[in-house]
Amino acid sequence: MTEEMKHSEHLMFRTTPRIKELISQRAVDDGISMNEVLNKAAVMYLTRDTAEESLMIAKLSDIQNSIGKMRRRGDLREKFELDVYQFLFTVLPELPEESNAGIAVLERGKRRFEGFLKGFRHRVRVLKPVMETVFGDMLEEDAGEN
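Residues numbered from 1 in each chain as written. Predicted model: local features only at pLDDT ≥ 70, side-chain atom pairs only at ≥ 80, totals over all residues. Heavy atoms only, no water.

Participant: Would you mind showing me how to read the overall build of the protein chain here?
Facilitator: When helices and strands are counted, the protein chain shows six helices and zero strands. Each helix (α) and strand (β) of the protein chain, taken in turn from the N terminus, gives the series α-α-α-α-α-α. Evaluated residue by residue, the protein chain yields a buried proportion of 12% over its 146 residues. Long-range contacts, defined here as pairs at least 24 residues apart, represent 56% of the contacts in the protein chain between residues at least 6 apart. When the accessible surface of the protein chain is totalled, it reaches about 13000 Å², and 59% of it is carbon and sulfur. (Helix = DSSP H or I, 4+ residues; strand = E, 2+ residues; numbered from the N terminus. Buried < 20%, exposed > 50% of the residue type's maximum accessible area, 1.4 Å probe, protein only. Contact = heavy atoms within 4.5 Å. Areas by Shrake-Rupley, 256 points an atom, 1.4 Å probe, with all protein chains shown as cover.)

Participant: Got a minute to help me understand the environment of I32 in this structure?
Facilitator: By secondary structure assignment, the location of I32 is in the loop between α2 (17-30) and α3 (34-46). When neighbours within four sequence positions are excluded, I32 is seen to be in contact with A27, V37 and K40.

Participant: Help me understand the packing of aromatic side chains, please; the structure alone is not making it clear to me.
Facilitator: Each aromatic ring pair is summarised here by two numbers: the centre-to-centre distance and the angle between the ring planes. Counted under the stated rule, the structure contains three aromatic pairs. One aromatic cluster in this structure is built from F80, F113, F116 and F120. (Phe/Tyr/Trp six-rings, centres within 6.5 Å; stacked < 30°, edge-to-face > 60°.)

Participant: I would appreciate a short explanation of a nonpolar patch on the surface in the present structure.
Facilitator: A cluster of nonpolar side chains, namely L82, Y85, L88, F89 and F113, defines an oily patch on the protein surface of about 520 Å² accessible area. At four residues, the largest contribution of residues to the nonpolar patch is made by helix α4 (residues 48-91). Mapped onto the secondary structure, L88 falls in helix α4. (Patch = residues over 30% accessible without salt bridge, like charges linked within 9 Å, V, L, I, M, F, W, Y side chains within 5 Å. Salt bridge = Lys/Arg side-chain N within 4 Å of Asp/Glu carboxyl O.)

Participant: What am I meant to see in the pattern of salt bridges here?
Facilitator: Close approach of charged atoms allows side chains of opposite charge to pair. On inspection of all chains with the given rule, the structure shows three salt bridges. The closest approach of N and O atoms between R77 and E81, which form a salt bridge, is 3.0 Å. Taken together, the residues R77 and E81, both in helix α4 and four residues apart, mark about one turn of the helix. Between D83 and K79 there is a salt bridge; the shortest N-O distance is 3.1 Å. A residue pair is termed a helical-turn pair when its members lie 3 or 4 positions apart in one helix, as D83 and K79 do in helix α4 at four residues. By relative accessible area, D83 is classed as buried at 14%. Judged by relative accessible area, K79 falls into the partly exposed class, the value being 47%.

Participant: Looking at this model, I keep getting lost on the confidence of the model for the protein chain. Mind explaining?
Facilitator: Residues shown with low pLDDT carry predicted positions that ought not to be read at fine detail. Of all residues in the protein chain, 73% have pLDDT values of 70 or greater, and the mean over the chain is 78. Within the protein chain, α2 carries the highest mean pLDDT (90), whereas helix α1 (residues 3-6) carries the lowest (62). (pLDDT = per-residue confidence, 0-100.)

Encoded structure:
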């Protein structure tokens, strides 16, 4: 019992058996008395405006960070698309009319495109997956609380 609890007031109230069971279970889980559970619940309820505001600010900050990461990922995706378009429209030559020459050009283009894909795979390997980036902070936060 805390020092504050020694000088506390006595208050009685009625509740349902289900609520009493929940209070009792929380007391067992937290290793405290049912009175302490009720006091904590009352404090949380009576001061919830400030607590909810703080939680909302923290959550908005997390969301803002996630949006920033998503924007950076979007910028990277856009850069990749522009690289592909540049490759396709400026590097690949027109196909000649003759079939043998056309096949040779296609083969050269295929080799160059494979080289391009190898370079792209190398660049992508160093990036985290989008889901890990977006939800990673939330998962770390949950793991830290438990």
